[in-house]
Amino acid sequence: MLKRQKQAGQTIYLKTCLRDSFFSLLEEKSTENISISEIVKLAGLSRMSFYRYYQTKDDIIRQYIDDSFQEFMEELKNNPVRDIQVPATLLFCYFRSNKTRIKLLIEQGLFHLFFESFAHFLQASNLVINSEPNIPEESLKYYYQYTSGGILNLIEGWMRGDMKESDEEMALVLRQIKEAQSNKFR
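The following refers to the structure shown. (Residues numbered from 1 in each chain as written. Predicted model: local features only at pLDDT ≥ 70, side-chain atom pairs only at ≥ 80, totals over all residues. Heavy atoms only, no water.)

This paragraph deals with the overall build of the protein chain. A count of helical and extended segments in the protein chain gives nine helices and zero strands. For the protein chain, the succession of helices and strands along the chain, N to C, is α-α-α-α-α-α-α-α-α. With respect to the three principal axes, the spread of C-alpha positions in the protein chain is 60 × 40 × 30 Å. Put simply, the protein chain has 186 residues, and 40% of those count as buried. Long-range contacts, defined as pairs at least 24 residues apart, comprise 65% of the intrachain contacts of the protein chain with a sequence gap of at least 6. Here the protein chain has roughly 11,300 Å² of accessible surface; of this, 50% comes from carbon and sulfur atoms. (Helix = DSSP H or I, 4+ residues; strand = E, 2+ residues; numbered from the N terminus. Buried < 20%, exposed > 50% of the residue type's maximum accessible area, 1.4 Å probe, protein only. Contact = heavy atoms within 4.5 Å. Areas by Shrake-Rupley, 256 points an atom, 1.4 Å probe, with all protein chains shown as cover.)

Structure, rendered in structure tokens:
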């Protein structure tokens, strides 16, 4: 048991070193111009360490996104909210608090990597404004893909616009869009 905990801690540490090194290099150049050798050299690790955890550089970003959403889900589980406006506000707060790395991903043309993870996140967290859509079970995955695409495009536009609106204002915008869509299709 203790050995597994030590290995898990070591895995987290090594992945963090690789992720931080990759993001540091992304600040200087495009992902196409970053080699695996550069990442592991900056991290002080071997190429074997990289390939133990990842197949591609994009996998580092996917892991970062998945870990971030998992932390966000834990926060929602530990602090359940009753008002439907609050989770949406927390979502925009999450993107604001991670703006440096997320803006970097947008600038590098890598924001598309959020889409798959975000659809799963929305479904698992029930973060959508209407958490119980009136949609057949077999179509739910498409509902979450559609919804996540809209929300992520909204977030990307907000971030490209230097996030002038507050998290609360953006949550309200999201709610208004959702309500407008509901009314349009009635």
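Another aspect to go through is the packing of aromatic side chains. Taken as a whole and judged by the stated rule, the model has 17 aromatic pairs. Relative to Trp-158, the ring of Phe-92 lies with its centre 5.2 Å away and its plane at 90°, an arrangement referred to as edge-to-face. Residue Phe-92 is located in helix 5 (residues 85-97), and its partner Trp-158 is located in helix 8 (residues 140-160); the two are separated by 66 residues in the primary sequence. As far as burial versus exposure is concerned, Phe-92 and Trp-158 are alike and both buried. Just above the ring of Phe-23 sits the side chain of Arg-101; from NZ or CZ to the centre is 4.5 Å. (Phe/Tyr/Trp six-rings, centres within 6.5 Å; stacked < 30°, edge-to-face > 60°. Lys NZ or Arg CZ within 6 Å of the ring centre and 35° of its normal.)

As enumerated under the stated definition, the model contains eight salt bridges in all. Its salt-bridge partner being Arg-62, residue Asp-59 comes within 3.1 Å of it at the nearest N-O pair. Residue Asp-59 and its partner Arg-62 are both found in helix 4 (residues 57-78); the two are separated by three residues, about one turn of the helix. The partly exposed category is assigned to Arg-62, whose relative accessible area is 34%. The partner of Arg-160 in a salt bridge is Glu-156, and the shortest N-O contact between them spans 3.1 Å. (Salt bridge = Lys/Arg side-chain N within 4 Å of Asp/Glu carboxyl O.)

Attention now goes to unusual backbone geometry. Not every positive phi belongs to a glycine, and Asp-162 is a case in point at roughly 65°. Looking at the secondary structure, you find Asp-162 in the loop between helix 8 and helix 9 (167-184). By relative accessible area, which is 51% here, Asp-162 ends up exposed. A positive phi angle is found at Met-163, which is not glycine, with a value near 55°.

Two numbers describe how helix 6 (residues 99-107) lies on helix 8: the axes approach to 11 Å, and their chain directions differ by 100°. With respect to each other, helix 6 and helix 8 are oriented roughly perpendicular. Of helix 8, the residues touching helix 6 (which contributes Lys-99, Ile-102, Lys-103 and Ile-106) are Glu-156, Met-159 and Arg-160. Residues of the contact of helix 6 with helix 8, tallied by class, amount to three nonpolar, no polar and four charged. (Axes fitted to C-alpha atoms, helices over the stretch in contact; angles between N-to-C directions. Parallel < 35°, antiparallel > 145°, perpendicular 65-115°, else oblique. Nonpolar A, V, L, I, M, F, W, Y, C, P; charged D, E, K, R; others polar.)

This part takes up the nonpolar core. Where a protein is soluble and globular, its nonpolar side chains tend to be buried together. Among the nonpolar cores identified, the biggest contains 52 residues, and Phe-95, Ile-102 and Phe-114 are the most heavily contacted of them. Going through the elements one at a time, helix 1 (2-26), helix 2 (36-43), helix 4, helix 5, helix 6, helix 7 (114-125), helix 8 and helix 9 are the ones with two or more residues in this core. With nine residues, the top contributor of residues to this core is helix 8. (Core = buried A, V, L, I, M, F, W, Y, C linked by side-chain atoms within 4.5 Å.)

With respect to the helices and strands, Gln-145 occurs in helix 8. Linking Gln-145 and Phe-118, residues 27 residues apart in sequence, is a C-alpha distance of 8.4 Å.

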